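# Coordinate inspection notes
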Amino acid sequence: LLNVPQFYMLEVGEKVLETPERTVLLMTQFCILKSPDGKIFVMSGRDPESRSFHIQPYCRFVTWMCDGERKHILSTLPSFLSHSFEVFTRDNVNMKLGIRINYEIKNVDTFAANPIEFFSYLRNHAQNVLLDRFAGHTLREFMASEGGLAKSSVTDCNKYFMSFGIAVLDIQMLE
């Protein structure tokens, strides 16, 4: 195992098993590494010591499923995700809603202490809150509120996700 950059000549019978790539993070990015013994290492772009690194042997990235692809580097910049689902109003009108959830990972240490599959959790939690809100209103009340139901559900979602270090900034109804 060579961990210092140097010239090395292979001897007869030796072979290179793996050449790890150097990971470089932007100032707004972070990732979480997990060792085989369960220790968690948070690598943050804000920290000059951990901004550029090689993965230690047997350590692996913690990954998240985000819009159908696996990601291991996340950003602390505000971002959004889209979701669509069907709701029923109190007067039994069926509507298909398209929403956009704006979120931001505010506290990386809190997020790393309890990492969750936040994409699916954000979608499901916002959907459940909106289903409850729509079930208590008629179609006429919804049309008069002009999206107020979505805005009023932000505080409920934000209260839950702040315990994971994620802030829900806004929920917008697109269609």
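Once a new chain begins, its residue numbering starts again from 1 and follows that chain's sequence as written. Note on the predicted model: pLDDT of at least 70 is required for a residue's local features to be given, and 80 or more for side-chain atom pairs to be given and counted; whole-chain, interface and lining totals, by contrast, use all residues. Note that water and hydrogens are dropped before the side-chain values are worked out from all heavy atoms of the structure.

Before going further, it helps to examine the environment of Ser52. Within the element layout of this structure, Ser52 appears in strand 4 (residues 52-54). For each residue, the accessible area found with a 1.4 Å probe, counting protein chains only, is set against the maximum for its type, and the residue is called buried under 20%, exposed over 50%, and partly exposed in between. Assessed through its relative accessible area of 26%, Ser52 is described here as partly exposed. Through-space distance from the C-alpha of Ser52 to that of Val24 is 4.4 Å; in sequence the pair is 28 residues apart. Between two residues, a contact is recorded if the distance between any of their heavy atoms is within 4.5 Å. Among residues more than four places away in sequence, those in contact with Ser52 are Arg22, Thr23 and Val24. A distance of 2.7 Å separates a polar atom in the side chain of Ser52 from a polar atom in the side chain of Arg22. For helices the rule is a DSSP run of H or I covering at least 4 residues; for strands it is a run of E covering at least 2, with both sets numbered from the N terminus onward. N or O atoms within 3.5 Å of each other form a polar contact, as long as, within protein, one can give a hydrogen and the other can take it, and as long as residues adjacent in sequence are counted only when both atoms are side-chain atoms.

Turning our eyes to something else, we now look at the confidence of the model for the protein. Counting all residues, the mean pLDDT for the protein is 83, and 95% of those residues have values of 70 or more. Mean pLDDT across the secondary structure elements of the protein bottoms out at helix 4 (residues 148-152), with 68, and peaks at strand 2 (residues 29-34), with 91. Values of pLDDT, ranging from 0 to 100, describe the predictor's confidence in every residue of the model.

Now for the packing of aromatic side chains. Pairing of aromatic side chains requires ring centres within 6.5 Å, counting the rings of Phe and Tyr and the six-membered ring of Trp. Pairs whose planes differ by under 30 degrees are stacked, by over 60 edge-to-face, and all others tilted. Considering all chains together, one arrives at 10 aromatic pairs under this definition. Aromatic side chains Tyr160 and Phe161 sit 4.9 Å apart centroid to centroid with 85° between the ring planes, which places their arrangement in the edge-to-face category. Assessed through its relative accessible area of 35%, Tyr160 is described here as partly exposed. Ring geometry for Tyr160 and Phe164: centres 5.6 Å apart, planes at 65°, overall edge-to-face. Residue Phe164 is classed as buried on the basis of its relative accessible area of 10%. Each ring is checked for a lysine NZ or an arginine CZ that lies within 6 Å of its centre and within 35 degrees of its normal; such an atom marks a charge sitting over the ring. The ring of Phe80 has Arg100 lying over it, and the distance from NZ or CZ to the ring centre is 4.9 Å.

Turning our attention to the nonpolar core. Grouped burial of nonpolar side chains is what soluble globular proteins tend to show. In this text, buried Ala, Val, Leu, Ile, Met, Phe, Trp, Tyr and Cys residues form a nonpolar core when linked through side-chain atoms within 4.5 Å. Membership of the largest hydrophobic core comes to 34 residues, with the highest contact counts inside it found for Trp64, Ile101, Phe111, Phe118, Leu122, Val168 and Ile171. Secondary structure elements with two or more residues in this core: strand 2, strand 6 (64-66), strand 9 (79-88), strand 10 (94-105), helix 1 (108-113), helix 2 (118-135), helix 5 (154-161) and strand 11 (166-173). The element that contributes the greatest number of residues to this core is helix 2, accounting for seven residues. Counting five residues, the second largest nonpolar core, distinct from the first, contains Leu25, Leu33, Met43 and Phe53.

Further remarks concern helix 5. For helix 5, the set of buried residues is Val154, Cys157 and Phe161. Along the long axis of helix 5, the arc covered by the buried residues comes to 70°, so they all point the same way. Opposite the buried face of helix 5, at more than 90 degrees from it, the exposed residues are Thr155 and Lys159. Throughout, the arc means the angular range of directions from the helix axis out to the C-beta atoms.

DSSP bridges decide pairing: two strands pair if at least two such bridges lie between them. Taken in spatial order, the three strands line up as 9-10-11 in an open sheet, and their pairing is antiparallel. The open sheet has two edge strands with one neighbour each: strand 9 and strand 11. The sheet shows a mean angle of 30° between the axes of neighbouring strands, direction not considered. Across 10 bridges, the pairing between strand 9 and strand 10 is antiparallel. With axes taken as lines fitted to C-alpha atoms, and helix axes fitted only over the stretch in contact, angles between N-to-C directions fall between 0 and 180 degrees.

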